[in-house]
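Analysis of the macromolecular model
Next come the chains, spelled out residue by residue.
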Amino acid sequence: MKIAIVPGSFDPVTNGHIDIIKRTAELFDEVYVGILINSSKKPLFTVEERIELLKKVTKDIKNVKIESFCGLLVDFARAKKASCIVKGLRAVSDYEYEVQMALTNKQIAPEIETLFIPTNGLYSYLSSSIVKEVAKYGGDLTQMLPNEIIEVIQNKIGGKQ
Ligand code: PNS
């Protein structure tokens, strides 16, 4: 049984995240999407809301489970018996930070690999922060988010479209 973790803040989940989750689900038997509970960040969505949204948009992928975690990512991976952490790489600008995290994780938990999947070119510009910025000023989000998330973010932020 090959188990992978797709970690992140998912505040909120975007089409870019969904693409990576789907592709990971094709490579592994089981995938845990791990939402980091980070007390030093002020997220737009609560952890419960993010779990609910992720469950909604991944409901058709049978081997995906959504959970939250706090503390070290490798401890969460070990608890789930995962052998791999999967991250999407958008651009060179992601690379330095992502490699630093991957090497740190490898140092702490040598048995766990990090796998980088290049983001679908359609979403290489996309991030949760960009989405929140566009939502704030009422911009078109149709290429960035599934419809059910567009509704929720518009209600939350109150941007017009
Ligand atoms: O979506 P994000 O915010 O880029 O995700 C970052 C995340 C959650 C993958 C990263 O912050 C993380 O793994 N945090 C857990 C703490 C940890 O394990 N730190 C050590 C590795 S640097």
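Summarised in this report is the structure supplied together with it. (Residues numbered from 1 in each chain as written. Predicted model: local features only at pLDDT ≥ 70, side-chain atom pairs only at ≥ 80, totals over all residues. Heavy atoms only, no water.)

1. Overview of the pairing of strand 5 (residues 113–118)
Across a regular strand the side chains alternate sides, sitting on one face of the sheet and then on the other. Applied cut-off: Note on pairing: DSSP must find at least two bridges between two strands before they are called paired. Starting at the N terminus, helices and strands are each numbered in turn, a helix being any DSSP run of H or I of at least four residues and a strand any DSSP run of E of at least two. Orient the strands so they point away from the viewer; a crossover is then right-handed if the path from the first strand over the helix to the second runs clockwise.
Summarising the sheet, strand 4 (residues 84–89) and strand 5 pair through six bridges and their orientation is parallel. In the sheet register, I85 faces strand 5, and the bridge partner there is T114. Once the chain exits strand 4 it traverses helix 4 (residues 92–108) before rejoining the sheet at strand 5, and the crossover so formed is right-handed.

2. Digging into helix 4
For the record, the criterion: For a helix, the expected span equals 1.5 Å multiplied by the number of residues minus one. The buried label goes to any residue with under 20% of its type's maximum accessible area, the exposed label to any with over 50%, and the partly exposed label to all in between, with areas taken from a 1.4 Å probe on protein chains only. We call two residues in contact whenever any of their non-hydrogen atoms come within 4.5 Å of each other.
In this model, helix 4 (17 residues) spans 25 Å end to end at C-alpha, consistent with the 24 Å of a helix rising 1.5 Å per residue. Of the positions making up helix 4, those classed as buried are D94, E98, A102 and N105. Where helix 4 is buried, its residues meet helix 3 (73–79), strand 4 and strand 5.

3. What about the site of the ligand?
Selection rule: By convention in these notes, a residue is near a molecule or strand provided one of its non-hydrogen atoms lies within 4 Å of it. The term polar contact refers here to a pair of N or O atoms within 3.5 Å; inside protein, the definition further demands a hydrogen-donor-capable atom paired with an acceptor-capable atom, and it admits residues adjacent in sequence only when both atoms are side-chain atoms. Residue classes follow a fixed rule: Ala, Val, Leu, Ile, Met, Phe, Trp, Tyr, Cys and Pro count as nonpolar, while Asp, Glu, Lys and Arg count as charged, and any other residue, Gly among them, counts as polar.
Around the ligand, a shell composed of P7, G8, S9, L36, K41, G71, L72, L73, K87, M101 and N105 is seen. The contact in question runs from an oxygen atom of the ligand to an N or O atom on the side chain of S9, over 2.6 Å. Separating an oxygen atom of the ligand from a backbone N or O atom of L73 is a distance of 2.8 Å. When contributions to the shell around the ligand are tallied by element, the ones reaching two or more residues are strand 1 (3–8) and helix 4. The class makeup of the residues in the shell around the ligand is five nonpolar, four polar and two charged.

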